[in-house]
Amino acid sequence: MRAEFAAFKARLEAHPVLVGKVFPIVRKNGDEPVRSNYLVARSSKPDRLSDDRFTGVDSFESDRRFTYDVRVVGTSADALDVLGEPVLIQLVGHSLTVSGRRCSPIQLVPDVEEGDGYDRTADLYYRDMSFRFWSRRP
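What counts and how
Residues numbered from 1 in each chain as written. Predicted model: local features only at pLDDT ≥ 70, side-chain atom pairs only at ≥ 80, totals over all residues. Heavy atoms only, no water. Buried < 20%, exposed > 50% of the residue type's maximum accessible area, 1.4 Å probe, protein only. Helix = DSSP H or I, 4+ residues; strand = E, 2+ residues; numbered from the N terminus. Pairing = 2+ DSSP bridges. Expected span 1.5 Å × (residues − 1). Contact = heavy atoms within 4.5 Å. Core = buried A, V, L, I, M, F, W, Y, C linked by side-chain atoms within 4.5 Å.

### With respect to the pairing of strand β10 (residues 124-136)
Extensive coverage of β10 is indicated by the burial of 10 of its 13 residues. Here strand β6 (residues 63-74) pairs with β10 via 11 bridges, running antiparallel. Pairing of Arg65 across the sheet is with Trp134, part of β10. As judged from the two bridges shared by strand β7 (residues 102-103) and β10, these two strands associate in the antiparallel manner. Among the inter-strand pairings, Cys103 is bridged to a residue of β10, identified as Ser135. For strand β8 (residues 107-109) and β10, the ladder comprises three bridges, and the chain directions are antiparallel. Bridging from a neighbouring strand, Gln107 pairs with Arg132 of β10. Between strand β9 (residues 116-119) and the antiparallel strand that follows it, β10, lie four residues; Asp123 among them carries a positive phi value of about 55°.

And the structure:
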């Protein structure tokens, strides 16, 4: 697990409402989705590498931008607010602490594709949010 995602996940789980509610995939019991209130947050590769130089080749250790998606899953529409608000409180405007890196404040990415929804088959509500930040060399 990348250090940036470990710090991101730890930041989420630092809120008392979110402790033990962050998972890497949608929870299932066999083939059936688990009807519960929780978050799905998954690690991803950097979506941009840049050293802001005119010469030289970017490498993985370059400045890198991450965009992490968080899905709030709930048994009711109200549960989306109960879990979604702490997600915003914990992330937006905060900088992650990553050894050997300087992280920019986390921003909410506007106009996420899915947004809010209801899965009739699973009888679960969901809210998708994306968060973006830069991890830079010191």
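Here the narrative resumes, following the displayed structure.
### Topic: helix α2 (residues 77-91)
When the terminal C-alpha atoms of α2 are compared, their 22 Å separation across 15 residues agrees well with the 21 Å that a helix rising 1.5 Å per residue should span. When we look at burial in α2, the residues that qualify are Ala79, Leu80, Leu83, Gly84, Pro86, Val87, Gln90 and Leu91. On the buried face of α2, the contacting elements are α1 (3-13), β4 (38-41), β6 and β10. Positive phi shows up at Gly93, right after α2, with a value of about 85°.

### A few points about the nonpolar core
If you look at the biggest cluster of nonpolar residues, it comprises 23 residues, and the most contacted ones within it are Phe8, Leu12, Leu39 and Val87. Breaking this core down by element, the ones donating at least two residues are α1, β4, β6, α2 and β10. Discounting residues that sit within four places of it in the chain, Val87 has contacts with Leu12, Leu18, Leu39, Val70, Met129 and Phe131. The next biggest cluster of nonpolar side chains, apart from the first, holds five residues, and it includes Tyr38, Val73, Ala122 and Leu124.

### Examining the pairing of β6
Counting buried positions along β6 gives 10 out of 12 residues, so the element sits mostly inside the fold. Direction of pairing for β4 relative to β6: antiparallel, over a ladder of four bridges. Paired with Tyr38 across the strands is Val73, a residue of β6. Across three bridges, the pairing between strand β5 (residues 48-50) and β6 is antiparallel. Note on β6: the bridge partner recorded for Leu49 is Arg64.

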